[in-house]
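Each chain is listed here by its residues.
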Amino acid sequence: MLKEFKDFIARGNVMDMAVGIIIGAAFTAIVSSLVADLINPFIGLFTGGLDFTNQYVVLSGEVAAGASLEAAREAGAAVFAYGAFLMAVLNFLIITFVVFMLVRSVNKLKDAAAREQVEAAQAPAEDPAPTELEILVEIRDSLKARQA
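As the structure is a computational prediction, the values presented were derived from the model and not from experiment.

Describing the overall build of the protein
- Each helix and strand counted, the protein has five helices and two strands in total.
- Element order for the protein, N to C, with α for helix and β for strand: α-α-β-α-β-α-α.
- In terms of overall dimensions, the protein is more spread out than a globule: its C-alpha atoms have a radius of gyration of 34 Å, far above the 15 Å expected for 148 residues.
- Dimensions of the protein, computed from C-alpha atoms along their principal axes, come out at roughly 120 × 60 × 20 Å.
- Evaluated residue by residue, the protein yields a buried proportion of 11% over its 148 residues.
- Per element, the accessible surface of the protein, about 12200 Å² overall, is 66% carbon and sulfur.
- Computed over 11 positive and 17 negative side-chain charges, the inter-centroid distance for the protein is 8 Å.

Written out as structure tokens, the structure reads:
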């Protein structure tokens, strides 16, 4: 059983998957930072700093007026946190758009490289240098033409 496990781990596709997961986790951190640190502040500028995260409706329990969502939850109140959901949806849309743009750019680069390869393969080969036999035949024909 240990040998089978070693064989399973040694397969290329398992290692590729592991590398993909690790790179995906690192990429997630980069994209999340891009959204939180670079894109959301600009959105805040255009929306006047609007942040829905603390918007909620108290379903049951006592909460002080104007309390944050975290304070309402700590007080044990049942809250309908529609603002946090809206912000999660907005962040999802922004993240998927950023990933779409990155994938689109990578695909364009791949397509350009593939097109160059196809064009190089379809380009006519340069005329090869004449062989020794062709040169000798040309010399012979040239001498025959002079003698005539």
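There is more to say, and it comes next.
So, the pattern of salt bridges
- Inspection of every chain in the model, using the stated rule, returns one salt bridge.
- The shortest N-O distance in the salt bridge between Arg 140 and Asp 141 comes to 3.2 Å.
- Given a relative accessible area of 43%, Arg 140 falls into the partly exposed group.
- Given a relative accessible area of 38%, Asp 141 falls into the partly exposed group.

Concerning the confidence of the model for the protein
- Of all residues in the protein, 97% have pLDDT values of 70 or greater, and the mean over the chain is 83.
- Averaged over each element, pLDDT in the protein is lowest for helix H1 (residues 2–10) (76) and highest for helix H5 (residues 132–147) (90).

What to know about the nonpolar core
- Of all hydrophobic cores here, the largest spans seven residues; its members are Tyr 56, Ala 67, Leu 69, Ala 72, Ala 77, Val 79 and Ala 81.
- Beyond its immediate chain neighbours, meaning those up to four positions away, Ala 72 contacts Tyr 56, Val 63, Ala 77 and Val 79.

Some points on the packing of aromatic side chains
- Within the structure shown, the criterion is met by two aromatic pairs.
- For the pair Phe 80 and Tyr 82, a centre-to-centre distance of 6.5 Å together with 35° between the ring planes defines the contact as tilted.
- With a centroid separation of 6.5 Å and an interplanar angle of 35°, the aromatic rings of Phe 97 and Phe 100 are classed as tilted. Of the two residues, Phe 97 and Phe 100 are both situated in helix H4 (residues 82–122); the distance of three residues between them amounts to about one turn of the helix.

Remarks on H4
- Look at H4: 59 Å from first C-alpha to last across 41 residues, which is about the 60 Å you get at 1.5 Å a residue.
- Listed in full, the buried residues belonging to H4 are Gly 83, Met 87, Ile 94 and Val 98.

Observations concerning a nonpolar patch on the surface
- A cluster of nonpolar side chains, contributed by Phe 52, Val 57, Leu 59, Phe 80, Tyr 82, Phe 85, Leu 86, Val 89, Phe 92 and Leu 93, occupies part of the molecular surface with about 960 Å² of accessible area.
- Of all the elements in the fold, those that place two or more residues in the nonpolar patch are strand E1 (57–60) and H4.
- Locating Leu 93 in the fold gives a position in helix H4.

About the cut-offs
Residues numbered from 1 in each chain as written. Predicted model: local features only at pLDDT ≥ 70, side-chain atom pairs only at ≥ 80, totals over all residues. Heavy atoms only, no water. Helix = DSSP H or I, 4+ residues; strand = E, 2+ residues; numbered from the N terminus. Rg over C-alpha atoms; globule rule 2.2 N^0.38 Å. Buried < 20%, exposed > 50% of the residue type's maximum accessible area, 1.4 Å probe, protein only. Areas by Shrake-Rupley, 256 points an atom, 1.4 Å probe, with all protein chains shown as cover. Lys, Arg positive; Asp, Glu negative; His and termini not counted. Charge placed at Lys NZ, Arg CZ, Asp CG, Glu CD. Salt bridge = Lys/Arg side-chain N within 4 Å of Asp/Glu carboxyl O. pLDDT = per-residue confidence, 0-100. Core = buried A, V, L, I, M, F, W, Y, C linked by side-chain atoms within 4.5 Å. Contact = heavy atoms within 4.5 Å. Phe/Tyr/Trp six-rings, centres within 6.5 Å; stacked < 30°, edge-to-face > 60°. Expected span 1.5 Å × (residues − 1). Patch = residues over 30% accessible without salt bridge, like charges linked within 9 Å, V, L, I, M, F, W, Y side chains within 5 Å.

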